[in-house]
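Okay, here's what each chain looks like letter by letter:
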Amino acid sequence: MTDDAYLFLAMTTGGWQGTPLALVGELECLGTPAVRAWFTAQGMNPASPAVRVVPPEQSGLIPKEAERLPVPLSEEELERVRRAGATDSVAGIEEELLAFRDSEDNRDALLRRALAAGVPAHRIVELSGIDPTTLSSASAG
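Everything numeric in this text was worked out from a predicted model, so none of it was measured.

Draft legend 1. Structural detail: the sheet that holds strand β4 (residues 68-71). With antiparallel pairing, the four strands of this open sheet are ordered in space as β2-β3-β1-β4. Strands with a single pairing partner mark the edges of an open sheet, and in this sheet they are β2 (19-20) and β4. As defined by bridge partners, β2 adjoins strand β3 (residues 51-54) across two bridges and the pair is classed as antiparallel. Residue Thr-19 lies in a different strand from β3, and its bridge partner there is Val-53. Strand contacts of helix α2 (residues 33-42): β1 (5-9), β3 and β4, with the helix running at about 20 degrees to β1, the strand carrying the most contacts.

Draft legend 2. Geometry of the pairing of β4. Side chains of β4 alternate between two faces, with Leu-69 and Val-71 buried and Arg-68 and Pro-70 left unburied. Taken together, the four bridges between β1 and β4 define a ladder with antiparallel strand orientation. Bridged to Tyr-6 within β4 is Pro-70.

Draft legend 3. Main features of the pattern of salt bridges. A full pass over the atoms with the stated rule returns six salt bridges. A salt bridge links Arg-80 to Glu-76; the shortest N-O distance between them is 3.0 Å. Pair noted here: Arg-80 and Glu-76 are both in helix α3 (residues 75-85), with a separation of four residues, about one helical turn. A residue is classified by how much of its surface remains accessible, and Arg-80, at 26% relative accessible area, is partly exposed.

Draft legend 4. Broad picture of the environment of Val-119. Here Val-119 shows up in the loop between α5 (107-117) and α6 (121-128). Through-space distance from the C-alpha of Val-119 to that of Glu-94 is 7.9 Å; in sequence the pair is 25 residues apart.

Basis of the calculations
Residues numbered from 1 in each chain as written. Predicted model: local features only at pLDDT ≥ 70, side-chain atom pairs only at ≥ 80, totals over all residues. Heavy atoms only, no water. Pairing = 2+ DSSP bridges. Helix = DSSP H or I, 4+ residues; strand = E, 2+ residues; numbered from the N terminus. Contact = heavy atoms within 4.5 Å. Axes fitted to C-alpha atoms, helices over the stretch in contact; angles between N-to-C directions. Buried < 20%, exposed > 50% of the residue type's maximum accessible area, 1.4 Å probe, protein only. Salt bridge = Lys/Arg side-chain N within 4 Å of Asp/Glu carboxyl O.

Here it is, written out as structure tokens:
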């Protein structure tokens, strides 16, 4: 796993395709000379439906033959990429986990639902602000 997010070109119609850049919105890195040169070399622009972006934890899923470019993202941009690429059920639970920081109502039930929806444990801890041991005890209960 790398610490960089990746832009890549999805040139096939089947299988996993990453998140279309258009769903994420403007990223600061798009204005850098390196990224502009990559788009020029690919004959693409950021609005193209083939341009995709993935967070660092999904970089291993990029097809091997895909043209790719590592890009640094701010925390806020990385969060937007993750949310844009999340399934509806995961995105909904992630919203609840963020809101959970201000309340502990139904904590264990929410944590179990997040785990059942496939939200990784590190993401639950990051979003909810709970201690990792709390997550372990809630999932056992």
